[in-house]
Amino acid sequence: MAATTRATMGAKVILLSSVLLSAAAGAAGMSHMWERTLGYTDVCKQIADNVSSLSDVYYPLSVQYSSDIAHWASSSSQSSACSVEPGSAADVGAILRILGSAQTPFAVKGGGHTSNPGFSSTEGVQIAMTRFNEVVYNADAGTVDIGPGLIWDDVYSALEGYNVSVVGGRVTGVGVAGFTLGGGYSWKTNQFGLTIDTVQSFELVLPNGTVTTVTSSSNPDLFFGLRGGFNNFGIVTKFTLKTYPQTDVWGGLIVFTGDKIDALATATSNFNANLTDPKAAVIAELNVLEGLAGATLNVFYDAPTPPDGIFDEFLAIEPLSKDISTRSLISLVQSAPSNATAGMRGAFHTVTVEKFSQDLMNVIVNETIFWGANLASLFSTGTFISYDIEPFLPSIFSHGSDSAYPASRARGLLPLNIYYAWVLETGDAYFHDAIVQSAATITAAADAQGQDIADAALYGNYAVNGTAVSRIYEGNLDRLQTIRAQYDPDRVMALAGGWKF
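Residues numbered from 1 in each chain as written. Predicted model: local features only at pLDDT ≥ 70, side-chain atom pairs only at ≥ 80, totals over all residues. Heavy atoms only, no water.

### A closer look at the nonpolar core
Part 1: Judged by nonpolar contacts, the single largest core of 63 residues is most densely connected at Ile364 and Tyr420.
Part 2: Not counting the four nearest positions on each side in its chain, Tyr420 is found in contact with Arg345, Gly346, Ala347, Trp371, Leu375, Phe384, Ile385, Tyr387, Phe431, Ala434, Ile435 and Ser438.
Part 3: With 51 residues, the next largest nonpolar core counts Phe119, Ile146, Val171 and Leu226 among its residues. (Core = buried A, V, L, I, M, F, W, Y, C linked by side-chain atoms within 4.5 Å. Buried < 20%, exposed > 50% of the residue type's maximum accessible area, 1.4 Å probe, protein only. Contact = heavy atoms within 4.5 Å.)

### Re the state of the cysteines
Part 1: Following the criterion strictly, the structure yields one disulfide and no others.
Part 2: With its sulfur 2.0 Å from that of its partner, Cys44 forms a disulfide with Cys82. Measuring the twist about the S-S bond at about -90 degrees, one finds the Cys44-Cys82 disulfide to be left-handed. You can see Cys44 sitting in helix H1 (residues 2–50) and its partner Cys82 sitting in strand E2 (residues 82–85), a full 38 residues away along the chain. (Disulfide = S-S within 2.5 Å. Helix = DSSP H or I, 4+ residues; strand = E, 2+ residues; numbered from the N terminus.)

### Some remarks on the pairing of strand E4 (residues 125–128)
Part 1: The alternating pattern of E4 places Val125 and Ile127 and Gln126 and Ala128 on opposite faces, both of which are buried.
Part 2: Bridge analysis of E2 against E4 gives three bridges, and the strand direction is parallel. Its bridge partner being in E4, Ser83 is matched across the sheet by Gln126.
Part 3: Bridge count between strand E3 (residues 106–109) and E4: four bridges; the pairing is parallel. Looking across to E4, one finds that Val108 is bridged to Ile127. (Pairing = 2+ DSSP bridges.)

### Some remarks on the side chain of Arg170
Part 1: Topologically, Arg170 is positioned in the loop between strand E7 (164–165) and helix H5 (176–182).
Part 2: A polar atom in the side chain of Arg170 sits 2.9 Å from the side chain of Glu390.
Part 3: The contacts of Arg170, once residues within four sequence positions are left out, are Tyr185, Ser186, Trp187, Ile283, Val333, Glu390, Phe392 and Tyr462. (Polar contact = N/O pair within 3.5 Å; in protein donor to acceptor, adjacent residues only side chain to side chain.)

### Side note on the sheet that holds strand E14 (residues 292–301)
Part 1: Reading across from one edge, E15-E12-E14-E13-E17-E18-E16 is the order of the seven strands in this open sheet, with antiparallel pairing throughout. A single partner strand is all that each edge strand has here, and the edge strands are strand E15 (321–327) and strand E16 (345–353). On average, adjacent strands in this sheet sit at an angle of 15 degrees to one another, irrespective of strand direction.
Part 2: Examined bridge by bridge, strand E17 (residues 383–389) and strand E18 (residues 414–422) share seven bridges and lie antiparallel to one another. When the bridges of E18 are listed, Tyr387 appears paired with Ile418.
Part 3: Across the sheet, helix H11 (residues 358–378) lies against strand E13 (280–289), E14, E16, E17 and E18, angled at about 170 degrees from E17, the strand it touches most.
Part 4: Its contacts with the sheet place helix H12 (residues 428–448) against E16, E17 and E18, and it is angled at close to 155 degrees to E18. (Axes fitted to C-alpha atoms, helices over the stretch in contact; angles between N-to-C directions.)

What follows is the structure in structure tokens.
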């Protein structure tokens, strides 16, 4: 009895000691976090004291701060010590010098459309490029200067009156900066290449605070690195893109019920196999919303009326609804319901393929149905998944010169975009693992079907966090690391999130 009592008392002492130790450790952790936050706040004050009147620093509870840290996917947002809205390239330079000296983590947000946590958010200093919102058309040069704080909707609207446009985003709400620095697949990619293939120059603030203009002739290494290399070399404060004549376009959105998914998959495979007209493009999206399957088709033709036959197989499928017409480019872009899941938690991932064959489309359909049912059974509400098939011509990489992405331009590879959205933070790890597993299944199937894609470069704007950087840049990685070491020897940009060399 006494032994039992002593054992019980001993267990209680051990348990109490564990609780006290855990509490002490928690308190120490909270103390450390508080000290770190105070340190970040001191840096915020230093920034406020050293920037011009063109810039402002904001703190929690202010409206501007809330807007500055907000992202399209709520899982991408973090609470920062402060937010900074720089109003000039010179102020961006001053901010970078302070952050580098203090070794303070920071993030740079353009449109805020990334789904990877920490890529454009931070617990340190949030830089919001909101005030870089210019769209300046130069008719003589056939170019346009675009600020990194804009979304493509802003750009298309500003250029509409000039009857010109650019190679930019395909759906509403997508930011200019990350889209361009990652590569940029556009409705016009079949005609003119990726967005990076149309960049004439970058205004860049280097990690040491120096403002410079980067062109293919002034600095070929940086020009190579910035085209697909994201934020590894500094902060871009202006993009100068080539413009192209723009008429009305034809297309819009078609919505299908779940029983039409197989027909849409077949039509998409046939479109991919038979397409020769570079003005034609589609995105076929196989979806499951809270267990209910469906599909959408975004259709584009870069003229007021398409030739007969190109889209006939799609148009023969009975739709639930159809919004197809001759319209402005901005009207077509905004016809896509891509903001319907804004504010949910989310993740993108990708598979790179040579073609969307019928056999591969069957696998993608199966993955859509399987994961849609699986996730709906585990999470009763607030789930959406989408497998977005993006067929392009095999010549898409022939329009530009060597760049960080794609790793090789020898063949025209195609991106499959997988998108999962959910509500509960407790689902984060499960959805991340699920999207990785699904991408691996599709990759293995394509490889087994004879497509040489097992090690094909992944598109950085779609790749989920945790993807090896070598899978995005492949043979270009060594060169990119050398360029990064030359222009950022102190690893200032490593204090920001993203794909780091």
